[in-house]
Amino acid sequence: MIELVKATKTYHSGGDEVRAVDSVDLRVAAGEFVAVVGHSGSGKTTLVSLMGGLTRPTSGTVMVDGRDIWTMSNRELSRLRSDRIGFCFQFSSLISTINCLDNVRLPASFLGDHKGDAGRAMRLLELVGLPEKAGAFPSELSGGQQRRVAIARALVNEPGIILADEPTGDLDEETEEDVMDLFEEINLGGVTIVMVTHSSRLASRAGRTLRMENGAVVEEVTRAPRSEYPLSSDSV
Amino acid sequence: MVGIDPDTDFTVRPWVKEGIDIGGLKDDEIILGAEGHIFLGLEEARPGDKVVFYGQEFTIAGVLEPTGIGIDDSGYVTMEAIYGMAQLADANAMLQIDVEPGDISVVMVDVKEGYERAEVATAINRISGVAAVTSRELMSTSVAQKLESLTPGMLLIGAGFWVVTVLMIGALFSMVINERRRELGLLQAMGATRRYVFRMVMLESVELTFLGGVLGLVVGGIVMLTLKGSLSTSLGIAFLWPAAWYVALLVAAYLVLALATGAMGALYPATRASRLEPYQAIRTGE
């Protein structure tokens, strides 16, 4: 489903070249739950951003569903981001000027279909346990509640892939568990999840853990798949 | 007191308020300049009021718009009324008027577009006993001359303000885009196309300048209505509202210019915003 071939991303900082992601080869199958761990600056966020087409690799290829996403037109790439991928960021990513319900509906508006109607958005808010916050603005929510609304938003277009960059960062342990339970539930529904985390404890709940150092994947741990995991044979 | 031919007059007509039928001016009616009532010793003049000149009673048919020039201090009646007044003055007035029926002092000539005033004056001067002067010689400080001298300067100042406004909108929206980098990156991450982001920024700018334009029209209108008398007096030029259709045209042109100002000012920031790479925008906007 997602494949990186010799994917490299370099930045220039103060005249120096920084290899945030260094020639990574990686395949993530449909329905997998992958955790990416590593120290700050190891390249985790850049790796996930490459997978989601948020940044262009300096060299190498990023493929989603067997297609090199950087050969797509801007319109096709935008469509891929809205239709196939849901993003959860490591910070509060809600638009502050609209209420929670409209935040959840927002990605659907870019598709121009009716997936994001108010009914569906409400059901997603119920799924994340916040139906009563539909009319509330992000500033009226706690950090944990904002993360859960962001997860609902990531799901509104029924994406096949969720890319989550430290979705539980700065949350208390109880809320962290709630969010992870939600991710597991979503994953059991067949959605591929790639999650960046600092926590080994949280990473242990994924089927596969990748450890990054200096932009490279230096360790890979695969756990015995749970029977519920809908691992499919159509991985690429 | 000026006698005019209501059917052919073109000097008073531009200052006539709506509702006054100058063509239908009767011999016992008078049209007063904006300050004509002062010379009659009245606090104000209202249509329908009666006034007496040289023993002859007139009904005020209307009051002209303020002009800032001599028209304000005058009263306008028909030529027949002037002749009648002159005759009655012999019996009724202390100061006699030497005007016989048929006498005229001035024939105003409205030169058709495409003809030179000087050439027309030369042709008229060939008529024995008639001396023609052109308006420039007659009215060295005329309204037209004042406006002619003021207009280029005002247009230049206006153009300067417009350029500065466009640049300021550009600078303002560049700052706004910088402040909202993360939001723009997030929108792209959620599926917004570059075109969507471009259009969003442009629309915000155009909406802003349109609202500014409407506000400017309202405030400008209030200021003009409030200060029109003072403007006329201090500048010594006439103040007259153009015809309604012309005002509507000006308002429409002004609003279109406001929209264009917003669009031009935001063009560069909007282009820049649409070209942001989502990841960089989100990362640097944190």
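You'll find the structure just up there.
Residues numbered from 1 in each chain as written. Chains lettered and ligands numbered in written order. Predicted model: local features only at pLDDT ≥ 70, side-chain atom pairs only at ≥ 80, totals over all residues. Heavy atoms only, no water.

Trainee: Looking at this structure, how should I read the sheet that holds strand β3 (residues 50–53) of chain B?
Mentor: Strands in a sheet are paired, the pairing made by backbone hydrogen bonds, and the direction either parallel or antiparallel. Residues and elements named next belong to chain B. In space, the five strands of this open sheet follow the order β1-β5-β2-β4-β3, with mixed pairing throughout. Of all strands in the sheet, those bounded by a partner on one side alone are β1 (2–4) and β3. Here the strands of the sheet are splayed against their neighbours by 45° on average, with no regard to which way each runs. Direction of pairing for β1 relative to strand β5 (residues 75–78): parallel, over a ladder of three bridges. Paired with V2 across the two strands is Y76, which belongs to β5. (Pairing = 2+ DSSP bridges. Helix = DSSP H or I, 4+ residues; strand = E, 2+ residues; numbered from the N terminus. Axes fitted to C-alpha atoms, helices over the stretch in contact; angles between N-to-C directions.)

Trainee: Would you mind showing me how to read the pairing of strand β4 (residues 59–64) of chain A here?
Mentor: The two faces of a sheet get side chains in turn, since along a regular strand they alternate between them. Residues and elements named next belong to chain A. Examined bridge by bridge, strand β1 (residues 2–13) and β4 share five bridges and lie antiparallel to one another. In the strand pairing of β4, L4 is matched with V62. Taken together, β4 and the strand that follows it, strand β5 (residues 67–68), pair antiparallel across an intervening segment of two residues, in which D65 is found at a positive phi of about 55°.

Trainee: In this structure, what is going on with the sheet that holds strand β3 (residues 33–38) of chain A? I would like to understand it.
Mentor: All names here are of chain A. In spatial order, the strands read β6-β7-β8-β3-β9-β10; together these six strands make up an open sheet with mixed pairing. Edge strands, defined here as strands with exactly one partner in the open sheet, are β6 (85–88) and β10 (216–222). Going from strand to strand, the sheet's axes swing by 15° on average, the running direction of each strand aside. Note that β6 and strand β7 (residues 161–165) share four bridges and pair parallel. Looking at β7, one finds that C88 is bridged to A164.

Trainee: Can you help me understand the interface of chain B and chain A in this one?
Mentor: Put simply, an interface is often sized by how much accessible area is lost when its parts join up. Taken residue by residue, the interface counts 20 residues in chain B and 23 residues in chain A. Where chain B packs against chain A, one counts one salt bridge. For B:E277, the salt bridge identified is with A:K9, shortest N-O distance 4.0 Å. The interface formed by chain B and chain A contains six residue pairs in polar contact (both at pLDDT 80 or more). Secondary structure elements with two or more residues in the side of chain B that touches chain A: α6 (181–189), α7 (194–235) and α9 (278–284) of chain B. (Contact = heavy atoms within 4.5 Å. Salt bridge = Lys/Arg side-chain N within 4 Å of Asp/Glu carboxyl O. Polar contact = N/O pair within 3.5 Å; in protein donor to acceptor, adjacent residues only side chain to side chain.)

Trainee: Which parts of the structure should I look at to understand the environment of B:A243?
Mentor: By secondary structure assignment, the location of B:A243 is in the loop between α7 and α8 (244–274). Along the sequence, B:A243 and B:R182 sit 61 residues apart, while their C-alpha atoms lie 51 Å from each other.

Trainee: What exactly am I supposed to notice about a nonpolar patch on the surface here?
Mentor: Residue and element names in this part refer to chain B. Taken together, the side chains of F210, V214, V218, I222 and L259 make up a nonpolar region of the molecular surface, amounting to roughly 380 Å² of accessible area. When residues in the nonpolar patch are grouped by element, the largest group, four residues, is from α7. Within the element layout of this structure, I222 appears in helix α7. (Patch = residues over 30% accessible without salt bridge, like charges linked within 9 Å, V, L, I, M, F, W, Y side chains within 5 Å. Areas by Shrake-Rupley, 256 points an atom, 1.4 Å probe, with all protein chains shown as cover.)

Trainee: Looking at this model, I keep getting lost on α8(B). Mind explaining?
Mentor: One turn of an α-helix holds 3.6 residues; hence residues three or four places apart share an orientation. Residue and element names in this part refer to chain B. The end-to-end C-alpha separation of α8 is 43 Å, in line with the 45 Å expected for 31 residues at 1.5 Å each. At L267, α8 shows its maximal kink, close to 45°; a proline, P269, follows between one and four residues later. Among the residues of α8, L255, A258, T261, G262, G265, A266, P269, A270, A273 and S274 are the ones counted as buried. (Expected span 1.5 Å × (residues − 1). Bend = angle between axes of the 7 residues up to and from the residue. Buried < 20%, exposed > 50% of the residue type's maximum accessible area, 1.4 Å probe, protein only.)

Trainee: How should I be thinking about the nonpolar core in this particular structure?
Mentor: Burial of nonpolar side chains together is a common tendency in soluble globular proteins. All names here are of chain A. Ranked by size, the top nonpolar core spans 58 residues in total, and within it L47, M51 and L163 carry the most contacts. Ranked by residues supplied to this core, first place goes to strand β2 (residues 16–28) with five residues. Discounting residues that sit within four places of it in the chain, L47 has contacts with L4, V21, V24, L26, V36 and M212. (Core = buried A, V, L, I, M, F, W, Y, C linked by side-chain atoms within 4.5 Å.)

Trainee: Hey, could you run me through the packing of helix α3 (residues 100–111) of chain A against helix α4 (residues 118–127) of chain A in this one?
Mentor: Pairs of packed helices are described in terms of their axes, by the angle between the two and the distance that separates them. All names here are of chain A. It is at 9 Å that the axes of α3 and α4 come closest, and there the two elements cross at 110°. By the criterion of interaxial angle, the relationship of α3 to α4 is roughly perpendicular. The two elements α3 and α4 cross, and the hand of that crossing is right-handed. Each of L101, V104 and R105 in α3 lies in contact with α4, whose residues at this interface are A118, A121, M122, L124 and L125. (Parallel < 35°, antiparallel > 145°, perpendicular 65-115°, else oblique. Left-handed = near helix turned anticlockwise from the far one by under 90°.)

Trainee: Any chance you could explain the pattern of salt bridges here in plain terms?
Mentor: In a structure, side chains of opposite charge can pair up when their charged atoms sit close to one another. Residue and element names in this part refer to chain A. Summed over the entire model, instances satisfying the criterion amount to 19 salt bridges over all chains. For D102, the salt bridge goes to R105, with nearest N and O atoms at 3.9 Å. Of this pair, D102 and R105 both sit in helix α3, three residues apart, roughly one helical turn. Here R201 and E177 are joined by a salt bridge, their closest N and O atoms 2.5 Å apart. With R201 in helix α7 (residues 200–203) and E177 in helix α6 (residues 173–188), the pair connects residues that are 24 residues apart, well separated along the chain.

Trainee: How should I be thinking about the packing of aromatic side chains in this particular structure?
Mentor: In this description, a pair of aromatic rings is defined by centroid distance and the angle of the planes. Counted according to the given criterion, the structure contains three aromatic pairs over all chains. Taking the centre distance of 5.8 Å and the plane angle of 10° together, the rings of A:F87 and A:F89 count as stacked. Across this residue pair, the class does not change: A:F87 and A:F89 are buried. Judged by centre distance (4.9 Å) and plane angle (90°), the rings of A:F110 and B:Y196 are edge-to-face. On the criterion of chain membership, the pair formed by A:F110 in helix α3 and B:Y196 in helix α7 is interchain, its members lying in two chains. Residue B:Y196 is classed as partly exposed on the basis of its relative accessible area, which comes to 29%. Taking NZ or CZ as reference, B:R283 lies 4.8 Å from the ring centre of A:Y11, over its face. (Phe/Tyr/Trp six-rings, centres within 6.5 Å; stacked < 30°, edge-to-face > 60°. Lys NZ or Arg CZ within 6 Å of the ring centre and 35° of its normal.)

Trainee: Whenever I open this one, the packing of helix α5 (residues 143–155) of chain A against α6(A) confuses me. Can you help?
Mentor: All names here are of chain A. Where α5 meets α6, the axes come as close as 10 Å, and the angle between the chain directions of the two elements is 10°. Regarding the angle of α5 to α6, the classification is roughly parallel. Across from G144, R148, I151 and L155 in α5, the residues of α6 making contact are T175, V179, L182, F183 and I186. Here the residues of the contact of α5 with α6 are counted per class, giving six nonpolar, two polar and one charged. (Nonpolar A, V, L, I, M, F, W, Y, C, P; charged D, E, K, R; others polar.)

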